[in-house]
Amino acid sequence: MYHNPTARTFRSTSSIAPAVLDFHKTLPSYAATPLLRLPNTFSTSLGLSSVFLKDESNRFGLPAFKILGAPWACYRTIIKKLALSPTASLQDIAAAARGREIRFHAATDGNFGRAVARMAGTVGVESRIYVPRIMVEETKRLIGSEGAEVVVAGGDYNDAVKTAAQGAEEDNGRLGLLVQDDAWEGYEEVPQWVVDGYSSMMLEIDEQMHDAVEKSPDMVVVPVGVGSLAQAVVVHFKSKDQSPMVVTVEPDTAACLKTSLEAGHRVTIETGDTNMCGMNCGSVSFLAWPYLRDGVDASVTVTDEESSRALQTLRDMGISTGPCSAGTLAALLKVCERDSSTLGLTAASNVVILGTEGPR
Ligand SMILES: Cc1ncc(COP(=O)(O)O)c(C=O)c1O
């Protein structure tokens, strides 16, 4: 485990656009996703008061949290490009986009691209989604089923991002719009909108924790790919006076954040294969990095085997989820076994793990 004791006192001063949750509520079939309490006997066996899983297995009918970030980013991107009112409705956008030959371009390792494709369909524009060479056929089929053209880019996720950026720039007379959750110098606004979109999940957790235990969580465990979701977690929870610890989890074959935290700067790594596909990323978002460097209390890696065991544990509790979600439980089990006292966990601690996807 990587541990940063100074993150305990880090306070985020960034604020998130308050209109985000209101926007989400205008999307078809908005509902807060459940915050599931794991059995008390289980929490007690870990030396904790409670463990909750935020279950993102069905967010607007898609099996992952990504649908929170992509639509807000697509919405803001179109509004800016067409110079529409910042409070334009989805109908206003669809009307303004008609006949303009707009196409969204995005690289993905799964859910993000599917969410962009879904939003493109909602406002009646086209989408071209770029995927890495190694991607299961079913994932490609699901992206295509949202109406997107799926393009297999030559190499890994990072290559797909480069190809998407090129595709948006050279879109043969169309208005190509890049909607990407990964940030780099000069491309920061859109990824920031993606992160802002995730804030609705945190606001729901605040309310649900209050209803369940009348307290904020003491620890939040978040899965990391490029780190955008973790950025939203840090920005939201570390802005509070009584802020929880933020623990990140990555596959041991794609530990770009942990490697970067240990090095003290962003490091790009080669990634291997993992069943936690959504977390298979080789570099941390440029935008997320300062928040994660300063606000992440602990960073943990887990193996596919550990995530699979945790998946089975959740199944035995009647919770059907995916490998990335199970990765957070695997990380919590590791932390409780080895690092409980380092992190100051006690029998009064309430932990939230982010179950970011449904079963694959
Ligand atoms: C299911 C799932 N969990 C976690 C993540 C990690 O999110 P981020 O890339 O913002 O770190 C992803 C990213 O695609 C994902 O699909």
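What you are looking at is a predicted structure, and each value in this text was computed from that prediction instead of being measured.

Draft legend 1. Region of the structure containing the pattern of salt bridges. Inspection of every chain in the model, using the stated rule, returns 22 salt bridges. We note a salt bridge from Lys-140 to Glu-137, for which the minimum N-O separation is 3.0 Å. Of this pair, Lys-140 and Glu-137 both sit in helix α6 (residues 137–145), three residues apart, roughly one helical turn. Overall, the relative accessible area of 56% leaves Glu-137 in the exposed class. One network of salt bridges, in which partners are shared, links Glu-101, Arg-103, Glu-126, Arg-128, Glu-149, Asp-171 and Arg-174.

Draft legend 2. Main features of the domain arrangement of the protein chain. Domain boundaries in the protein chain define domain 1 (2–65 + 197–355) and domain 2 (66–190). Each of domain 1 and domain 2 has a C-alpha centre, and the two are 25 Å apart. Contact with domain 1, which involves 33 residues of that partner, is made by 24 residues of domain 2. Note on domain 1 versus domain 2: buried area summed over both sides is about 2,300 Å², and carbon and sulfur give 67% of it. In this assembly, domain 1 and domain 2 are joined by zero salt bridges. On the surface where domain 1 and domain 2 come into contact, there are seven residue pairs in polar contact (both at pLDDT 80 or more). For the side of domain 1 that touches domain 2, the elements supplying multiple residues, two or more each, are α1 (19–26) and α8 (189–213). With five residues, the top contributor of residues to the side of domain 1 that touches domain 2 is α1. Of the residues belonging to the side of domain 1 that touches domain 2, the class tally is 17 nonpolar, 12 polar and four charged.

Draft legend 3. Representation of the packing of aromatic side chains in the model. One pass over the full model with this rule turns up six aromatic pairs. By the ring-pair criterion, three or more aromatic residues cluster together here, those being Phe-23, Trp-72 and Tyr-75.

Procedures and definitions
Residues numbered from 1 in each chain as written. Predicted model: local features only at pLDDT ≥ 70, side-chain atom pairs only at ≥ 80, totals over all residues. Heavy atoms only, no water. Salt bridge = Lys/Arg side-chain N within 4 Å of Asp/Glu carboxyl O. Helix = DSSP H or I, 4+ residues; strand = E, 2+ residues; numbered from the N terminus. Buried < 20%, exposed > 50% of the residue type's maximum accessible area, 1.4 Å probe, protein only. Domains from an automatic or database assignment. Contact = heavy atoms within 4.5 Å. Buried area = accessible area lost by both parts, 1.4 Å probe. Polar contact = N/O pair within 3.5 Å; in protein donor to acceptor, adjacent residues only side chain to side chain. Nonpolar A, V, L, I, M, F, W, Y, C, P; charged D, E, K, R; others polar. Phe/Tyr/Trp six-rings, centres within 6.5 Å; stacked < 30°, edge-to-face > 60°.

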